[in-house]
Amino acid sequence: MATSDNGVQWYRKHSGEHGMYTHDPRDSFSLSGNNVNTVLIDRAQRIWAGTEGRGICRLDGSGRWRRYTTEQGLPSDYIFRLLEDRRGMIWATTSRGLVCLEPESGAVKIYTTSHGLLNNQFNYNSGFQDKDGNMYIGSVKGMIRFNPDHFLPDTSAAPVYITGMEVRNMTMGPQEKRDIHYSKKITLPYHKANFSIAFAALSFTAPDMISYAYRMEGLDNDWIWMKSNRTVYFTDLKPGHYTFHVATTDANGNRRPGAAMLQIEITPPFWATSWAYLLYALAIISTGYYAIARYHRQQTMKQKRRMEALQLKKEKELYQAKVDFLTNVAHEINTPLTLIKGPLEEIMEHPGALQENKHHLAIMERNTNRLVQLTNQLLDFRQTESSGFRLDFELVDLRKILLETYDNFRLPAQQRKLQFDVQLPDEEVPAWADEESVNKIFSNLFSNAIKYGQTKVEAKLETAGGQVRLTVANDGPLIPEDMRERIFAPFVRLRENEKQKGTGIGLSICRSLTALHKGELSATTENGLNIFTWSIPVGTFINLEN
């Protein structure tokens, strides 16, 4: 039983049991609405309910309702009457037409005034089927009768014709219309590339239900479907050849045979014709020839000026190399002089201590010899102008060189009351290197660490992976992260270290000499220490001139 507010009621006459099905907003398988207009039991003993504004519902064997609404294809969710024909199809009257529903697949077929109905609005519960299968249904404009068994499928294909064309909102003349209807081809100038095409299918059976599909070859090869509009608009087509196709579709949207066709040619403007392109090509070739000739002359002059500038640059670089050489050697002279000054002060304070002074005099002798070597470098400066700075690579013991350098700097470390420790391997550390350059690197690293250290200086020499590595650490002012690369540039010093005397080129000398050995020199901070790491390959002989 259908009720107006309490869903679907049921009653078993043998047992007296009764109950109801109602709408539950939390259950999508409940009845879609409580206002039910009609109930139908079909031949398969399935119960159907037509609701007021909530579509059609069908009860299955598990007590769940399946819903059919506008989302499934119904024209309206207001259902007034449900009937079943002799084929098992469910017919439903709605506020927007008559619906034929296939129960198994859920396919929906809609009939409206376009199919011959008096009106799309039907009356409440107005429907009846007689024994011959005739259905009588009342609408607001009268009653209709039909027999679904006598329905014939519409298999006819209405021919479609192109009926007209408007160019820039102006109707075409007689000649253009004859071209469309008979020759099926029309030519338009480029400035008339905005046009519309009208078409129609010659059918007298529900003409409003005919839909169309069209495509424009050369613009878009895909078919475009249209429901009711019979005019297509095109704007600003580029010059070229196009072919317009239009066809009708069946109820399932499939294209039917008998498409109409119209060939359209858009002519280009005079500046886009073949002759125009030929003139453009001649002009481009002439301009290109002139441009190439002029470019060649300009490149010749530019190359001449570049050579002059290069020569001037080489002269400046040579001058700068002289200045850098003198600056580096002067800095190197400063280090042994400092190492001589310390032992000399000790001798002057203890002139009678012969045994202790013997060690100091040995240090002074080594550094005096180093001063002589640096002086020889200055005397050979003229030779470097022509042949460049030369390194003499030989197999040297880096452990021995580091030990001698450590011995030279122990006294300055003691005078500054620094804890000075060096870790050396037990065996020799042979490597192909320039001994004088290694001396300069070790001396500068120790001098820098002692000069800026606060309480301690640590050094460690080790080999691993074909590399020899020396790390020198001190607890002086930490190097900021943005300065860890800049401190290797000439004349760059930390602000915290400006109270200490120095030129700021010691680390630059170390970096340059390390690069000539194909090695690396970097600065980091860890555990409150500044750490300088120097490494070079040990097993490769390098012969370089710079």
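Here's what I pulled together on the structure shown here. Here the structure is a predicted model, which means the values were calculated and not measured.

**Describing the sheet that holds strand β9 (residues 97-101)**
Here comes step 1: Within the open sheet, the four strands sit side by side as β7-β8-β9-β10. Their pairing is antiparallel. Among the strands making up the open sheet, the edge pair consists of β7 (79-84) and β10 (108-111). When the angles between neighbouring strand axes are averaged without regard to direction, this sheet yields 20°.
Here comes step 2: As judged from the five bridges shared by strand β8 (residues 90-94) and β9, these two strands associate in the antiparallel manner. Bridge assignment links I90 to a residue of β9, and that residue is L101.

**Description of the environment of Y21**
Here comes step 1: Mapped onto the elements, Y21 comes out in strand β2 (residues 18-21).
Here comes step 2: For the pair Y21 and W65, spaced 44 residues apart in sequence, the C-alpha separation works out to 9.5 Å.

**Some words on the pattern of salt bridges**
Here comes step 1: For the structure shown, the criterion picks out 13 salt bridges.
Here comes step 2: The partner of E84 in a salt bridge is R43, with the nearest N and O atoms 3.3 Å apart. Pair noted here: E84 is in strand β7 and R43 is in the loop between β3 (36-41) and β4 (47-51), with a separation of 41 residues, a long-range link.
Here comes step 3: E84 gets classed as buried once you look at its relative accessible area, which sits at 14%.
Here comes step 4: R43 gets classed as exposed once you look at its relative accessible area, which sits at 53%.
Here comes step 5: Three or more residues joined by partner-sharing salt bridges are found here, namely D42, R46 and E104.

**Considerations on the packing of helix α5 (residues 398-415) against helix α6 (residues 435-452)**
Here comes step 1: At a closest axis distance of 10 Å, the pairing of α5 and α6 adopts a crossing angle of 35°. For the crossing formed where α5 meets α6, the hand is right-handed. Contacts between α5 and α6 involve L398, I401, L402, T405, Y406, F409, P412 and A413 from the first element and E435, V438, N439, F442, S443, F446, S447 and I450 from the second.
Here comes step 2: Taken together, the residues that form the contact of α5 with α6 break down as 11 nonpolar, four polar and one charged.

**Side note on α6**
Side chains of residues three or four places apart in an α-helix project in the same direction, reflecting 3.6 residues per turn.
Here comes step 1: With 18 residues, α6 extends 26 Å between its outermost C-alpha atoms, agreeing within 8% with the 26 Å of an ideal straight helix rising 1.5 Å per residue.
Here comes step 2: The element α6 is largely enclosed, with a buried count of 16 among its 18 residues.

**Structural notes on the packing of aromatic side chains**
Here comes step 1: As enumerated under the stated definition, the model contains 22 aromatic pairs in all.
Here comes step 2: Taking the centre distance of 5.8 Å and the plane angle of 85° together, the rings of Y277 and Y280 count as edge-to-face. A residue pair is termed a helical-turn pair when its members lie 3 or 4 positions apart in one helix, as Y277 and Y280 do in helix α2 (residues 274-349) at three residues.
Here comes step 3: Since its relative accessible area comes to 49%, Y277 is described here as partly exposed.
Here comes step 4: Seen in terms of ring centroids, F409 and F446 are 6.1 Å apart; in terms of plane orientation they differ by 75°. Their pairing is edge-to-face. Residue F409 is located in helix α5, and its partner F446 is located in helix α6; the two are separated by 37 residues in the primary sequence.
Here comes step 5: Among the aromatic side chains, those forming a connected cluster through ring pairs are F195, F199, Y212, Y214, F234 and F244.

Parameters and conventions
- Residues numbered from 1 in each chain as written.
- Predicted model: local features only at pLDDT ≥ 70, side-chain atom pairs only at ≥ 80, totals over all residues.
- Heavy atoms only, no water.
- Pairing = 2+ DSSP bridges.
- Helix = DSSP H or I, 4+ residues; strand = E, 2+ residues; numbered from the N terminus.
- Axes fitted to C-alpha atoms, helices over the stretch in contact; angles between N-to-C directions.
- Salt bridge = Lys/Arg side-chain N within 4 Å of Asp/Glu carboxyl O.
- Buried < 20%, exposed > 50% of the residue type's maximum accessible area, 1.4 Å probe, protein only.
- Left-handed = near helix turned anticlockwise from the far one by under 90°.
- Contact = heavy atoms within 4.5 Å.
- Nonpolar A, V, L, I, M, F, W, Y, C, P; charged D, E, K, R; others polar.
- Expected span 1.5 Å × (residues − 1).
- Phe/Tyr/Trp six-rings, centres within 6.5 Å; stacked < 30°, edge-to-face > 60°.

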